[in-house]
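Residue-level structure breakdown
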Amino acid sequence: MNTLMYDTYTIFWRELKRYKKSRSGVLIRLIQPAIWIIVIGNTFSGTQPLIQSVGFEGEYIEFMAPGVIILTAIFTSIFGGVNTLWDRRYGFMNKALTSPISRSAIALGKMSAISLISALQASLILGIALAIGVTFPNPLMIAPIMAIVILFSLGFSGISVMVAATAKSQETFWGVINFLGMPLFMLSPALFPLELLPDWLAAIAKLNPVTYTVLLVREMMTGVSEGGISIILSLGIICAFVLVMVGLASYVFTREVNKPF
């Protein structure tokens, strides 16, 4: 167990160093969510009566800010597996696989680093939201919100690492990632209340872990509960999602990562 933890930490620290060197990448990954929260938030400000009809009394930008924070977490974590792709292509993975380090530790270290990086990116978006006027009734909730983002991102980083370990080309990786990322975000109450979705779409949204994460973070940020979904239920679904994805990612990575790229 100690060896697994040490190996995981080694890979985790290596991934964080790569992130630190990629300053341009940090800025690029911030552009899309920043545009969403500034431009889209103001563009749809006229829809405030819609969100008020389901009991949300704040501004629309305050309603959508939690969704954009989760959008940041989704795309940072789901794109994070690209480093695994480069490791496979340029030889680092072959060297790592021939060393005594556990393959599961490689996968866990990468997923842990990606989830922390996602939280760092999300915290910057939270800062932008506060700077443009989004109110935060209880600043003490910032730390728990970031903990939820880390937990949620761990699940999506598992998806990313799993796809990167099995992809036969860059095109396959990006195709699958883009196919999953935005649809999962749009099939959630990130932009509009769950109660306003058509019944069939709301039913699909309730199968989406993004839905429960958005609702949980929104309740923590604004104090408004939606859809009759409790905090305990949201946490349970998020934890189940993460456990399944991390377990699958570790299994698939161990079996598939050494195959030719």
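Worth saying up front: this structure is predicted, and the values here are computed from it rather than measured.

Parameters at a glance
- Residues numbered from 1 in each chain as written.
- Predicted model: local features only at pLDDT ≥ 70, side-chain atom pairs only at ≥ 80, totals over all residues.
- Heavy atoms only, no water.
- Axes fitted to C-alpha atoms, helices over the stretch in contact; angles between N-to-C directions.
- Helix = DSSP H or I, 4+ residues; strand = E, 2+ residues; numbered from the N terminus.
- Parallel < 35°, antiparallel > 145°, perpendicular 65-115°, else oblique.
- Left-handed = near helix turned anticlockwise from the far one by under 90°.
- Contact = heavy atoms within 4.5 Å.
- Nonpolar A, V, L, I, M, F, W, Y, C, P; charged D, E, K, R; others polar.
- Patch = residues over 30% accessible without salt bridge, like charges linked within 9 Å, V, L, I, M, F, W, Y side chains within 5 Å.
- Areas by Shrake-Rupley, 256 points an atom, 1.4 Å probe, with all protein chains shown as cover.
- Salt bridge = Lys/Arg side-chain N within 4 Å of Asp/Glu carboxyl O.
- Buried < 20%, exposed > 50% of the residue type's maximum accessible area, 1.4 Å probe, protein only.

1. What about the packing of helix α4 (residues 60-79) against helix α11 (residues 209-222)?
In contact at an axis separation of 9 Å, α4 and α11 are set at 130° when each is read in the N-to-C sense. One way to sum up the angle between α4 and α11 is to call them oblique. Crossing angle aside, the handedness with which α4 passes α11 is right-handed. Contact residues: Glu62, Phe63, Ala65, Pro66, Gly67, Ile69, Ile70 and Ile74 in α4; Val210, Thr213, Val214, Val217, Arg218, Met221 and Thr222 in α11. A per-class count over the contact of α4 with α11 returns 10 nonpolar, 3 polar and 2 charged.

2. A word on the environment of Ala249
Here Ala249 lies in helix α12 (residues 231-256). Measuring from C-alpha to C-alpha, the distance between Ala249 and Met111 comes to 9.0 Å, with 138 residues separating the pair along the chain. If near-sequence neighbours (up to four positions away) are discounted, Ala249 is found in contact with Met111, Gly158 and Met162.

3. So, a nonpolar patch on the surface
On the surface, a cluster of nonpolar side chains totalling about 400 Å² of accessible area is made up of Ile31, Ile35, Ile38, Val39 and Ile132. Among the secondary structure elements, Ile31 is positioned in helix α2 (residues 23-43). You can call Ile31 partly exposed: its relative accessible area is 47%.

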